[in-house]
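# Residue-level structure breakdown
Chain residues, written in single-letter form:
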Amino acid sequence: MVDGSKPVIEQSSYVDHSRPSGSALSSHEIPVVDLSKPDSKSLIIKACEECGFFKVVNHGVPLDSISRLEEEAVKFFSLPLPEKERAGPPDPFGYGNKKIGCNGDVGWVEYLLLTIDPNFDSDKLPSVFNENPEKFRSALGDYTSAVRDMACEILELMADGLRIQQRDIFSKLLMDEQSDSVFRLNHYPPCPELQSYDDRNMIGFGEHTDPQIISVLRSNNTSGLQISMKDGTWVSVPPDQNSFFINVGDSLQVMTNGRFRSVRHRVLANSSKSRLSMIYFGGPPLSEKIAPLPCLMKGKESLYKEFTWFEYKKSAYTTRLADNRLEHFQRVAAS
Ligand SMILES: C=C1C[C@]23C[C@@]1(O)CC[C@H]2[C@@]12CC[C@H](O)[C@@](C)(C(=O)O1)[C@H]2[C@@H]3C(=O)O
Ligand SMILES: O=C(O)CCC(=O)C(=O)O
Ligand SMILES: [Fe+2]
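Here we summarise the structure given alongside this text.

Quick notes on the rules
Each chain has its residues counted from 1, running along the sequence as written. To read the labels, note that chains go from A and ligands from 1, taken in the order they are written. Only residues with pLDDT of at least 70 are given local features in this predicted model, and only at 80 or more are side-chain atom pairs given and counted; all residues enter the totals for whole chains, interfaces and linings. To get the side-chain values, take all heavy atoms of the structure and skip hydrogens and water. Only strands that DSSP links by at least two bridges are regarded as paired with each other. Put simply, DSSP H or I for four residues or longer makes a helix, DSSP E for two residues or longer makes a strand, and each gets a number counted from the N terminus. With axes taken as lines fitted to C-alpha atoms, and helix axes fitted only over the stretch in contact, angles between N-to-C directions fall between 0 and 180 degrees. Nearness is defined per residue: one heavy atom within 4 Å of the molecule or strand is enough. Residues are grouped as follows: nonpolar covers Ala, Val, Leu, Ile, Met, Phe, Trp, Tyr, Cys and Pro; charged covers Asp, Glu, Lys and Arg; every other residue, Gly included, is treated as polar. Note that a disulfide, as used here, is simply two cysteine sulfur atoms within 2.5 Å. For every residue, the accessible area (1.4 Å probe, protein chains only) is compared with the maximum for its type, and the residue is labelled buried under 20%, exposed over 50%, or partly exposed between those bounds. A donor here means an N, O or S atom no more than 2.8 Å from the metal, or no more than 3.2 Å when the metal is Na, K or Ca. Since water is not included, a site may seem to lack partners. Only one rule defines a salt bridge in this text: a Lys or Arg side-chain nitrogen within 4 Å of an Asp or Glu carboxyl oxygen.

### Observations regarding the sheet that holds strand E8 (residues 225–228)
Ordered in space as E6-E11-E8-E9, the four strands form an open sheet in which the pairing is antiparallel. Each edge of the sheet is formed by a strand with only one pairing partner; in this case those strands are strand E6 (203–208) and strand E9 (234–236). On average, adjacent strands in this sheet sit at an angle of 25° to one another, irrespective of strand direction. Sheet topology note: the E8/strand E11 (residues 265–268) ladder contains three bridges and is antiparallel. Residue Ile 227 lies in a different strand from E11, and its bridge partner there is His 265.

Laid out in structure tokens, this is it:
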């Protein structure tokens, strides 16, 4: 694809026009949280309840750690396809092109999926990085630890805002040595063929929710990301390379017994510009039990059955991208 082959035109690669669709709404509809301001806590709670998504400014992540990793990513995606393919397939970690997951999903995207292991061993990096694995490793390590620290600060503000006594109830899961967190670099090459399919949008990354607790996304200045509002309307997220975007994941929706909303999102391909995104998916240890927190129940019924992160992940990997993965873990309401 990136090397000149034609896009695969498949039904599943196009936007479903039967749902209310992506009128480009203005940026003020995306909640913005300034982490340096005292009102950040209440704004985060409101955004998680209403949208499951918000933009973070004054985040404290060193700009140098962002640009170093971006530079490494650009270098990687600029390699000839056969060289990138030496870093694949993504089973589950490595280079992937067009195919997302192993259940038939496709998109106009190539990517690199990596595990975040604190004891990361450079020798385990895809062989394609062998020329200078240390440079890549250090850029990745610096970026992911700064972004994880910011995610933990946000999770602690969430716990505070929910009046949970144990401030680190969510953040400790990301800080755990065994935390099952993942990092993803997505590259969406320009798709010039799009111009000839006027009124149709090619899907870069199909609609889905993220399974983990929290996702932290940073992209270059190319648009494409859309989020789905409660009424099913798709809203375009104006890109901002100097900010981060936070997604509530399925696990946080469960732990808050549905008070926070795991946001459905997707990426549309662009006809002329390439999009590069980096996403940190903060997940718990595999053995962690995920269930609504008793302190948030206050006599309410639990909406979900208890499961371990391992059980959820195992089940998620049998699903298609657009599936509602939580359905299987929902409790049937007592009448
Ligand atoms: C189709 C799939 C790709 C995915 C695993 C799955 O079976 C369903 C969840 C998908 C997702 C979405 C968010 C992240 O990008 C991801 C890494 C994850 O944890 O869940 C992907 C999975 C993937 O690309 O392997
Ligand atoms: O690449 C993006 O901007 C978002 C991709 C995404 O949602 C994902 O990888 O889970
Ligand atoms: Fe996602």
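After presenting the structure, the write-up continues.
### Points about the site of ligand 1
In the vicinity of ligand 1, 17 residues are found, and the nearest of them are Arg 184, Asp 210, Gln 212, Ala 316 and Thr 319. Contributing elements (two or more residues each) for the shell around ligand 1: strand E4 (105–115) and E6. Grouping the amino acids of the shell around ligand 1 by side-chain chemistry returns eight nonpolar, five polar and four charged.

### Considerations on the state of the cysteines
The full count for this structure, using the stated rule, is zero disulfides. With no disulfide of its own, Cys 48 lies closest to Cys 51 among cysteine sulfurs, the gap being 9.4 Å. Judged by relative accessible area, Cys 48 falls into the buried class, the value being 0%.

### Quick word on the coordination of the iron ion (ligand 3)
Taken together, the protein ligands of the iron ion (ligand 3) are His 208 (NE2), Asp 210 (OD) and His 265 (NE2), with distances of 2.1 to 2.2 Å. When the donors of the iron ion (ligand 3) are listed by position in the chain, the intervening gaps give H-x1-D-x54-H. You can see Asp 210 sitting in the loop between E6 and strand E7 (214–219) and its partner His 265 sitting in strand E11, a full 55 residues away along the chain. Each member of the pair, Asp 210 together with His 265, is buried.

### Quick word on the pattern of salt bridges
A complete count under the given rule lists 18 salt bridges for this structure. Measuring nitrogen to oxygen at the nearest pair gives 2.8 Å for the salt bridge that ties Asp 240 to Lys 55. Highlighted residues: Asp 240 in the loop between E9 and strand E10 (244–248) and Lys 55 in strand E2 (residues 53–57), separated in sequence by 185 residues. Here Lys 55 falls in the buried class, since its relative accessible area comes to 17%. Between Arg 320 and Asp 105 there is a salt bridge, and its shortest N-O distance comes to 3.3 Å. Here Asp 105 lies in strand E4 and Arg 320 lies in the segment after helix H7 (309–316), a separation of 215 residues in the sequence. What makes Arg 320 partly exposed here is its relative accessible area of 33%. Classification of Asp 105 as buried rests on a relative accessible area of 12%. The network of salt bridges with shared partners includes Lys 41, Glu 156, Asp 160 and Arg 167.

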